[in-house]
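Examining the three-dimensional arrangement
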Amino acid sequence: TLGLYYNQMQYFVEAKEAVDPVLELALERDYKRRVSQIYTIMAAYYHWVKEDFPEALTYLGKAIKIAEETGDPLSIWAANHWIGHTLADNCEFEEALAHIERSLQINIAAKALWGIAIMKNCIADTVYNKWGKADMAYQVSSEGLQLAEESGDILSKADAYLNHGSACWVKGFLDEAEECLLKGLDLCNRINLAAMSARASQFLGEIYFARAEYQKAQEYYGKALSVLERLGVMPSGASYCRVALARVKVMNKEKDIDLESLYVYANENKLKYAQGPFSICIAEILLNIDDRHMPEAEDWVKKAIEADTRNRTMMYLGLDYALYAELLKRKGDLVGAKEKLDRAIEIYRECGADGWLKKAQEDLAELQKTR
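Summary of the structure given here.

Cut-off values and rules
Residues numbered from 1 in each chain as written. Predicted model: local features only at pLDDT ≥ 70, side-chain atom pairs only at ≥ 80, totals over all residues. Heavy atoms only, no water. Helix = DSSP H or I, 4+ residues; strand = E, 2+ residues; numbered from the N terminus. Buried < 20%, exposed > 50% of the residue type's maximum accessible area, 1.4 Å probe, protein only. Contact = heavy atoms within 4.5 Å. Polar contact = N/O pair within 3.5 Å; in protein donor to acceptor, adjacent residues only side chain to side chain. Arc of directions from axis to C-beta. Core = buried A, V, L, I, M, F, W, Y, C linked by side-chain atoms within 4.5 Å. Salt bridge = Lys/Arg side-chain N within 4 Å of Asp/Glu carboxyl O.

**Brief notes about the side chain of Gln 202**
- Among the structural elements, Gln 202 can be located in helix α12 (residues 194–210).
- With relative accessibility at 18%, the residue Gln 202 sits in the buried group.
- Those residues within four positions of Gln 202 in sequence are excluded, and the remaining contacts are Tyr 220, Tyr 221, Ala 224, Tyr 240 and Cys 241.

Have a look at this one:
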């Protein structure tokens, strides 16, 4: 079934090991339906484990071609679903959306309520969240969550709570995000969706860090990192968790930070959409570790702005400008700080990131009191 296939694909290393021995046999017997599915599994492995996106796209191109030839709905769904992920991670958002919507239409045609829920939430998180379209992410994930609840299917509910929670994070609704992510994490753990549980834990880390609840942030970043290391997947995601954990240590006034290793993690990151978040995380570390690193912090903020502008990861661009404003405020440049906050407010408003918009407006009001 579609659900079993989706569940199995959380374990990319094991899935590749299972299909490696049978690929040649499937090709020899011209078993096209299975060949398409095997190519998709291989592609997922190269994406999530090796982060070799050109290789993943090569396999997915073959998988889609064969799937269309056979007309097999499962093969068409799988190939389009995973190429959507690959393209979105490379910030090719329009193309990613088109492919995942193809997978959604297959579920709509099959009248699979839980499958429709999963694909809607995939669109919300994989495309709209990364793109920074907070209004669309929140709307579509809300629809997905409602459908998942109606279906009663635990897989789609786990997926829905996780992805609606991440949409709430992008929207800036931290309380709602926390509630949904904790529910999603619990459901993921019940059915052993390990990779998805890591994603839920990472977002919870982000929420608790934003609230200055650093002990909880450290706990959940640590949980995410532990799972990713155990599974051997998403190496750039694991590296981000290491950088985020260093940021928590700095906010706890710890000074034993190996900055050079953090720079290596950022430079070795292969996820285009994460270029800005890596840079802004390091900038925040440098800004708070001591007063001597402020020039370097400003360099990393500028790197983040350049990356998020280039990649069109707009909500993160708003966060970049908000941190730049804080940096300039500490330097005593209140005019410059206001300018950067105004830019953050403009971006949040365009994204529909209402919670972040409210915070930036409050920060601006406080800043104007000091002038």
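Having seen it, we continue.
**A look at the side chain of Glu 298**
- Among the secondary structure elements, Glu 298 is positioned in helix α17 (residues 294–311).
- When its relative accessible area of 13% is taken as the criterion, Glu 298 is described as buried.
- A polar contact is formed between the side chain of Glu 298 and the side chain of Tyr 324, at a distance of 2.7 Å.
- Glu 298 has contacts with Tyr 324, Leu 327, Leu 328 and Lys 331, leaving out every residue within four places of it along the chain.

**Some thoughts on helix α2 (residues 12–19)**
- Taken together, the buried positions of α2 are Phe 12, Ala 15, Lys 16 and Val 19. When α2 is viewed along its axis, its buried side chains cluster within an angular range of 95° and face the same direction. Of the residues in α2, the exposed ones pointing more than 90 degrees away from the buried face are Glu 17 and Ala 18.
- Structurally, α2 contributes buried residues whose contacts are with α3 (23–28), α4 (32–48) and α6 (73–89).

**A short note on the nonpolar core**
- Among the nonpolar cores identified, the biggest contains 148 residues, and Val 127, Tyr 128, Trp 169, Leu 262, Ile 282, Val 301 and Leu 327 are the most heavily contacted of them.
- With near-sequence residues (within four places) excluded, Leu 262 lies in contact with Arg 242, Val 243, Ala 246, Ile 257, Ile 282 and Ile 285.

**Description of the pattern of salt bridges**
- The final tally for this structure, using the stated rule, is 27 salt bridges.
- The salt bridge involving Glu 149 is made with Lys 157; its shortest N-O contact spans 3.8 Å.
- The exposure class assigned to Lys 157 is partly exposed, which follows from its relative accessible area of 22%.
- When the shortest N-O distance is used, the salt bridge between Asp 256 and Lys 249 registers 3.7 Å.

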